[in-house]
Every structure is written in structure tokens, then in C-alpha cells.
Amino acid sequence: MPKELCKCGQVLYLGEIPNPVEWQIISDVEFDRYTGQIDAEMLYADTKPMLVCPHCHRLLVYWQGFSNGYTAYRQEE
Ligand SMILES: [Zn+2]
């Protein structure tokens, strides 16, 4: 199963569908293009995947898709 290693050492698995640690994010500008009934597959294509580490709560955002690595955001103390 594909996996990602968080900077805290937690392994995050990517293969589970639906994935409990994965979120799909979309900008308000992109989302505003949708009206009425929405095709879930079209909406999914406009989202960016984000993982939430269950251990340290970092957000791992794949701005350019899974194949191009993530940017990690850590909670402030
Ligand atoms: Zn972590």
C-alpha cells in the first residue's frame, strides 16, 4: 500500500478508499465555478489532496499532486 512518512515519523497510508487521513481541498475561486448539481469526479479533479497526520496534526498538502511531494504545515505551539 502506498504510504507517506510525516516529518514526525508517523506513517500515513494512502491506499485506503475512503482514506480517513486524507482531505480534498479547493480554493473558493475554483469552487465558485460550480453551480447546481455537481459531478463529483469533476469536482475531485479540481481539488488538492491533503493528509492530516493523526499523531502531530501536521497538514501535508500536495499542491502539485501526489507525485510532486508535499508541503507540511505544523500547528503553532
Ligand atoms: Zn506527523
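This structure is a prediction, so every number in the text was calculated from the model and none was measured.

Some thoughts on the sheet that holds strand β6 (residues 71-73)
Move 1: With respect to topology, four strands assemble into an open sheet ordered β3-β4-β5-β6, the strand pairing being antiparallel. A strand with exactly one partner marks an edge of an open sheet, and here the two such strands are β3 (22-25) and β6. Between one strand axis and the next, the sheet turns through 25° on average, direction left out of account.
Move 2: Examined bridge by bridge, β3 and strand β4 (residues 48-52) share four bridges and lie antiparallel to one another. By the bridge assignment, E22 is partnered in β4 with L51.

A look at a nonpolar patch on the surface
Move 1: A cluster of nonpolar side chains, contributed by M1, L5, V11 and Y13, occupies part of the molecular surface with about 410 Å² of accessible area.
Move 2: Structurally, the position occupied by V11 is in strand β2 (residues 11-13).

The rules behind these values
- Residues numbered from 1 in each chain as written.
- Predicted model: local features only at pLDDT ≥ 70, side-chain atom pairs only at ≥ 80, totals over all residues.
- Heavy atoms only, no water.
- Pairing = 2+ DSSP bridges.
- Helix = DSSP H or I, 4+ residues; strand = E, 2+ residues; numbered from the N terminus.
- Axes fitted to C-alpha atoms, helices over the stretch in contact; angles between N-to-C directions.
- Patch = residues over 30% accessible without salt bridge, like charges linked within 9 Å, V, L, I, M, F, W, Y side chains within 5 Å.
- Areas by Shrake-Rupley, 256 points an atom, 1.4 Å probe, with all protein chains shown as cover.
- Salt bridge = Lys/Arg side-chain N within 4 Å of Asp/Glu carboxyl O.

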